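Overview (structure and organization)
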Amino acid sequence: VVEMGQPEHSVVTTCAYCGVGCNFKAEMRGDQVIRMVPWKDGKANHGHSCVKGRFAWGYANHPDRITKPMVRAKITDPWREVSWEEAINHVASEFRRIQAKAGKDAIGVITSSRCTAEETYLVQKLARAAFGNNNTDTCARVCHSPTGYGLGKTFGTSAGTQDFDSVDESDVIVVIGANPTDAHPVFASRMKKRLRQGAKLIVVDPRRIDLVRQPHVEASYHLALRPGTNVAVLTALAHVIVTEGLVDRTFVEERCDTDAYADWAEFVSDPRHSPEATEAATGVPADLVRGAARLYATGGNGAIYYGLGVTEHSQGSTAVMAIANLAMATGNLGRRGVGVNPLRGQNNVQGSCDMGSFPHELPGYRHVANPEVRAIYEAEWGVTINPEPGLRIPNMLDAAVQGTFLGLYVQGEDIAQSDPDVKHVTAGLRAMECVVVHDLFLNETANFAHVFLPGATFLEKDGTFINAERRINLVRKVMEPRSGMGDWEATQAISNAMGYPMHYDGPAEIMAEIARTTPTFAGVSYEKLEQGAVQWPCNDAAPEGTPIMHIGKFVRGKGNFVITEYVPTDEKVGPRYPLLLTTGRILSQYNVGAQTRRTGNVAWHAEDLLEMHPHDASERGINEGDWVRLRSRTGETTLRALLTERVAPGVVYTTFHHPVTQANVVTTDYSDWATNCPEYKVTAVQVSPTNGQ
Ligand code: SF4
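So, how was this worked out
- All residue numbers refer to position in the chain's written sequence, counted from 1.
- Whole-chain, interface and lining totals are the exception, using all residues; otherwise, since this is a predicted model, local features are given only for residues with pLDDT of at least 70 and side-chain atom pairs are given and counted only at 80 or more.
- For helices the rule is a DSSP run of H or I covering at least 4 residues; for strands it is a run of E covering at least 2, with both sets numbered from the N terminus onward.
- To estimate how far a helix should reach, multiply one less than its number of residues by 1.5 Å.
- Using C-beta atoms placed from the backbone, we call a residue buried if 20 or more other C-beta atoms fall within 10 Å of its own, exposed if 12 or fewer do, and partly exposed for counts in between.
- Our arc is simply the arc of the directions from the helix axis toward the C-beta atoms.
- Think of it this way: build a C-beta for each residue from its backbone, and any pair within 7 Å is a contact.
- Here a nonpolar core is just a set of buried residues of the types Ala, Val, Leu, Ile, Met, Phe, Trp, Tyr and Cys, joined wherever their C-beta atoms sit within 7 Å.
- Each domain's limits were defined by an automated method or a database of domain assignments.
- Each axis is a line fitted through C-alpha atoms, taken for helices only over the stretch in contact, and angles between the N-to-C directions span 0 to 180 degrees.
- Each crossing gets its hand from how the near helix is turned against the far one by less than a right angle, where anticlockwise is left-handed and clockwise is right-handed.
- Residue type decides the class: Asp, Glu, Lys and Arg count as charged, Ala, Val, Leu, Ile, Met, Phe, Trp, Tyr, Cys and Pro as nonpolar, and the leftover types, Gly among them, as polar.
- Being near a molecule or strand means, for a residue, that its C-beta atom, positioned from the backbone, comes within 6 Å of it.
- By this definition, two strands are paired if DSSP reports at least two bridges between them.
- Note that the term roughly parallel is reserved for angles under 35 degrees, roughly antiparallel for angles over 145, roughly perpendicular for angles of 65 to 115, and oblique for everything else.
- As a per-residue measure, pLDDT reflects the predictor's confidence and takes values from 0 up to 100.

**With respect to helix α9 (residues 258-269)**
- The terminal C-alpha atoms of α9 lie 16 Å apart, and with twelve residues this matches the ideal 16 Å at 1.5 Å per residue to within 8%.
- All of the buried residues along α9 are Y261, W264, A265 and V268. Projected down its long axis, α9 shows its buried positions confined to an angular sector of 105°, all on one face. Pointing more than 90 degrees away from the buried face of α9 are the exposed residues D259, A262 and E266.
- In this fold, the buried residues of α9 make contact with α7 (230-243), α8 (249-255) and α13 (316-329).

Structure, rendered in structure tokens:
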């Protein structure tokens, strides 16, 4: 970090890392940022920050930044720097050529949860209006797409129910498949403050995360389940709540579909779902499940926070619905201190989903098959919208291998490193005729690209990021884009070059269109956001936004209980692959590390380590710090061993921050049955010493 004296001026903006959405003052001298100071009036962070937001913005000036557009005919050719005009015309002519040869569905886009809401809106519009298809997907495919499905089915909209401040009134905090201390540090501090005041904590996680035991904070229950058994544990919790008479009957009768409740109650009451019957599969002692269920149901305001340890499973959507069932059955919805809250990983993953990035949904989570919704956009955009959902990312890659999908525009996403089964991803990318990567650095996906468009950092753009509590935070430009063109301007230029006109004069005008066409954003404008960040829905019914959702009535009307049958994953341990691998993050690094690895503090350049229980390590002759080979039926990698009892015998754990380790070479191609979200959290592996090889 370079401290450069007193600032000449400052600009308030929003952190570009996680879904907490902290506001900062970027303190400037000339056109250089000298410090990022957490903003005391930030509604999500109240003047706090973590090391990433405070210090890890130096990547904006890193020499690895690509600042000129580049093209090449073949991926084995060297890159050739070109003007923006030549690059954009090349993209448009290649995409038009592919559509003429293979049909209009032969190209698509991937939007980025790192970019602004306005930028993702334009990219999905590019697909729907300029390409004429719904082939738009987002990196949320690989993280919170089950949240979209599960909360949509049960509550009627796919977003967290509470604002962060709500936790101050929680009596029982339940953390499932999330590690807030590392992944959402500022909100973790809010949680810990409430826990120190006496709230109780239940953690459901295979690993003993920091929150389980900290100074003055200790979980009442840690359900250290076997990876892949979330649904069995959640259904066992429901079994206890129903069979022990702990259901909030008034809430269920007044607020929920009582027929659906009756079916669900009968289902969970079956003795095969009892904690005792499921103990062998889940590895969680029955008395702990019973105790946790009683605490959540009777301990006062119960709030559930969950993360990718819930969603990134073959039953990710089922687990989200099982969580929603628990909250409805106990009446823990529709007021402060309670709720169901997905902890979003990326700064704008909520926003990218809100903006219609999925192939089956237009902005505001409205299905493309709905003619009334299509009519709104057809009138606004002057095109006919295909009522059929487009391709998801894995389907795009499958189609590429089969030769029917040949062109892809990827904005701010590194699918060759972040998506599962890397061999399949790279095979799909190799098979395409025009891959356009729009990013800050030459990432792994750029190895397969024909066009590279230099992207802008969050410091170089205006727009909005929407955080995990649905808060629409302004992002303000503190310096001009180093490439000379903003991300939204590049998307607009591609559209114009392809023959579909876009003529926005800036992100505020794009937001005005979003507000015109999306009822949950109808009251949003930059003028309003300048007065303070609001939470959607923000419209005539809620002009100042909506901190708590589902008060008095669910978005879908009556809350919907869904049967959640546990189906074990097909990924099984056996003699060849006897251990289960699960994955997560560390505090100082962010996702694949493209930004955090390019900051000045080399102490943060931590490598990915393999956590192993000492018993498993000694059986294999592995000592602390040894290099080990991690192998699955999909691939293998090497990394150093860290011996710890944080993980149970039979379970190993690593992070996925470093491109050398490439943890995703070992993850499988199994995915959530409803959304194709990859099953990153369960991989059967073998671990052996490398013996220096
Ligand atoms: Fe940025 Fe998240 Fe850290 Fe806040 S908690 S500073 S949003 S990374």
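We are not done yet, so read on.
**Digging into the nonpolar core**
- The biggest cluster of nonpolar side chains holds 164 residues, and the ones touching the most others in it are I173, I202, V233, L237, I323 and V436.
- Here this core spans two domains, since at least three of its residues come from each of domain 1 (83-142 + 348-530) and domain 2 (145-342).
- Residue contacts for V436: discarding those within four places in its chain leaves V91, L408, Y409, V410, A449, V451 and L453.
- Counting 21 residues, the second largest nonpolar core, distinct from the first, contains A617, L639, V652 and V666.

**Things to note about the packing of α7 against helix α11 (residues 286-298)**
- Viewed as axis vectors pointing N to C, α7 and α11 meet at an angle of 65°, and their least axial separation amounts to 9 Å. Considering how the two elements wind past one another, α7 and α11 form a crossing that is right-handed. Here V233, A236, L237, V240 and I241 of α7 lie close against α11, whose contacting residues are V289, R290, A292, A293, R294 and A297.
- In terms of residue class, the contact of α7 with α11 is built from nine nonpolar, no polar and two charged.

**What about the site of the ligand?**
- Near the ligand there are 14 residues, and of these C15, C18, C22, C50 and G53 occur at the shortest range.
- Elements supplying a minimum of two residues to the shell around the ligand: α1 (51-55) and α6 (185-196).
- Of the residues that constitute the shell around the ligand, the class distribution is eight nonpolar, five polar and one charged.

**Examining the sheet that holds strand β26 (residues 636-643)**
- Pairing in this closed barrel of six strands is mixed, and the strands run β23-β27-β24-β26-β25-β28 around the ring. The sheet shows a mean angle of 45° between the axes of neighbouring strands, taken without regard to direction.
- With four bridges joining them, strand β25 (residues 627-631) and strand β28 (residues 683-689) adopt antiparallel strand pairing. In the sheet register, R631 faces β28, and the bridge partner there is Q686.

**Overview of the packing of helix α16 (residues 393-401) against helix α18 (residues 422-431)**
- For the pair α16 and α18, interaxial distance at closest approach is 8 Å and the crossing angle is 55°. With respect to each other, α16 and α18 are oriented oblique. Relative to α18, α16 is oriented so that their crossing is left-handed. Residues L397, A400 and V401 of α16 form the contact with α18, whose participating residues are H424, V425, A427, G428 and A431.
- For the contact of α16 with α18, a count of residues per class yields six nonpolar, two polar and no charged.

**Some remarks on unusual backbone geometry**
- In this model, W536 is joined to P537 through a cis peptide bond whose omega is 0°.
- Here P537 shows up in the loop between β22 (534-535) and β23 (579-584).
- At H46, a position not held by glycine, the phi torsion is positive, near 45°.
- Among the secondary structure elements, H46 is positioned in the loop between β3 (32-38) and α1.
- For H46, a count of 17 C-beta atoms within 10 Å puts it in the partly exposed group.
- Residue R470 is not a glycine yet carries a positive backbone phi of 70°.
- When you line up the elements, R470 lands in the loop between β20 (463-466) and β21 (471-475).

**Details of the sheet that holds strand β4 (residues 70-71)**
- Spatial strand order, β5-β4-β19-β18-β17-β6-β7: seven strands in an open sheet with mixed pairing. Both outer strands of the open sheet, β5 (80-81) and β7 (136-138), are each paired with one neighbouring strand and no more.
- Sheet topology places strand β6 (residues 107-111) next to β7; three bridges connect them, and they run parallel. For I110, the partnering residue across the bridge sits in β7 and is D137.

**Observations regarding the confidence of the model for the chain**
- Averaged over all residues, the pLDDT of the chain equals 92, while 96% of them reach at least 70.
- If you check the scores for this complex, the pTM reads 0.90 and the ipTM reads 0.99.

**With respect to the domain arrangement of the chain**
- Here the chain is described as being made up of domain 1 (83-142 + 348-530), domain 2 (145-342) and domain 3 (579-689).
- For domain 1 and domain 3, the distance between their C-alpha centres works out to 31 Å.

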